[in-house]
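An overview of the molecular structure
If you want the building blocks of each chain, they are given just below.
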Amino acid sequence: MNLNDVHRGIQKNRKRKRIGRGPGSGTGKTSGRGHKGHKSRSGYSRKPNFQGGAMPMFRRVPKRGFNNRWATTVFAVNVGTLNDRFEDGDEVTLEAMAAKDVAKGTFDEVKILGDGELSKKLTVSAHRFSKSAEEKITAAGGTVNKLVAKRTPEERVAALKEAGK
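Residues numbered from 1 in each chain as written. Predicted model: local features only at pLDDT ≥ 70, side-chain atom pairs only at ≥ 80, totals over all residues. Heavy atoms only, no water.

**Section: a positive patch on the surface**
We count it as follows: In this scheme, patches are assembled from residues that exceed 30% relative accessible area and form no salt bridge. Like charges are connected within 9 Å, while nonpolar side chains (Val, Leu, Ile, Met, Phe, Trp, Tyr) are connected within 5 Å. Using the Shrake-Rupley algorithm and a 1.4 Å probe, accessible areas are obtained, with residue cover drawn only from the displayed protein chains. Put simply, a salt bridge is a Lys or Arg side-chain nitrogen that is within 4 Å of an Asp or Glu carboxyl oxygen. Only four residue types enter the tally: Lys and Arg on the positive side, Asp and Glu on the negative side, with His and both chain ends excluded. Note on charges: their place is set at NZ of Lys, CZ of Arg, CG of Asp or CD of Glu. For helices the rule is a DSSP run of H or I covering at least 4 residues; for strands it is a run of E covering at least 2, with both sets numbered from the N terminus onward.
Residues Lys15, Arg16, Arg18 and Arg21 make up a contiguous surface patch of positive charge. For Arg18, the position within the fold is in the segment before helix H1 (57-60).

**Comments concerning the sheet that holds strand S3 (residues 109-113)**
Worth spelling out the cut-off: Paired strands are those between which DSSP finds at least two bridges.
Read from one edge to the other, the open sheet built from 3 strands follows the order S1-S3-S5, with strand pairing classed as parallel. Here the strands that pair on one side only, and so sit at the sheet edges, are strand S1 (74-78) and strand S5 (128-129). Summarising the sheet, S3 and S5 pair through 2 bridges and their orientation is parallel. By the bridge assignment for S5, Lys111 is matched with Arg128.

**Thoughts on the side chain of Asn83**
What counts here: Remark: exposure states derive from per-residue accessible area (1.4 Å probe, protein chains only) relative to the maximum for the residue type, with buried under 20%, exposed over 50%, and partly exposed in between. In the analysis that follows, any N or O atom pair within 3.5 Å is treated as a polar contact, provided that within protein one partner can donate a hydrogen and the other can accept it, and provided that, for residues neighboring in sequence, both atoms belong to side chains. Pairs of residues are marked as contacts when any of their non-hydrogen atoms sit within 4.5 Å.
Within the secondary structure, Asn83 sits in helix H2 (residues 79-85). For Asn83, a relative accessible area of 14% gives the class buried. Among the polar contacts listed, one links the side chain of Asn83 to the backbone nitrogen of Ser119, at a separation of 3.2 Å. Apart from residues no more than four positions distant in its own chain, Asn83 is found in contact with Glu117, Leu118, Ser119 and Lys120.

**With respect to the nonpolar core**
How we decide: Residues grouped as a nonpolar core are buried Ala, Val, Leu, Ile, Met, Phe, Trp, Tyr and Cys residues, joined through side-chain atoms within 4.5 Å.
Counting residues in hydrophobic clusters, the biggest one holds 18 residues, and the most contacted among them are Leu82, Phe86, Met97, Ile112 and Val124. Mapped onto this core, the elements with two or more residues apiece are H2, helix H3 (94-99), S3, strand S4 (123-126) and helix H4 (131-139). Those residues within four positions of Leu82 in sequence are excluded, and the remaining contacts are Val77, Val92, Met97, Val102, Ile112, Leu122 and Val124.

**What to know about the UniProt feature "domain: Large ribosomal subunit protein uL15/eL18" (unreviewed entry) in the protein**
Keep this limit in mind: UniProt positions are given in the numbering used here, feature names are shortened, and annotations may be inferred rather than shown by experiment.
When the UniProt feature table is mapped onto this chain, "domain: Large ribosomal subunit protein uL15/eL18" (unreviewed entry) is found at residues 77-144. For the annotated span residues 77-144, helix accounts for 32% and strand for 25% of the residues, and the straight-line distance between the end C-alpha atoms is 14 Å.

**Side note on the environment of Ser45**
Mapped onto the elements of the fold, Ser45 is located in the segment before H1. Under the relative-accessibility criterion, Ser45 is labelled exposed at 63%. For the pair formed by Ser45 and Val148, sequence separation is 103 residues and the distance between their alpha carbons is 53 Å.

Next up, the structure:
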């Protein structure tokens, strides 16, 4: 390569491509659109979900029922799992359950269910408890602490009014 070849073909301000200006331009006649078909027509626009005439993905995927995006997701933990993972006299909190890989993932509330046996005295803190779980925890000598769930809009308004006084 020679030094005088370095900038060959590079233009600082490139001229715009003039389409449909005769056969000598190289983009005359069909103006780079090819022959016939949708894309060759004026006013053509393709929808973003168009898949070349095939059945679109959103129509192929089965949809059923109603999916509530604002519903609270409740994570269920059985009493038997708590018996296996925690020692006698431990305090079972949300942080302790997360540390011992009992309550994993993202969720809004934790519910303790009564499946399994409980032989240890535990202090369990969760948002919800089934009747059988509550009975098993108290029968083993433990205590149940119900955590307050997210505030409802009415409770939020009442708290704001209280703070404003």
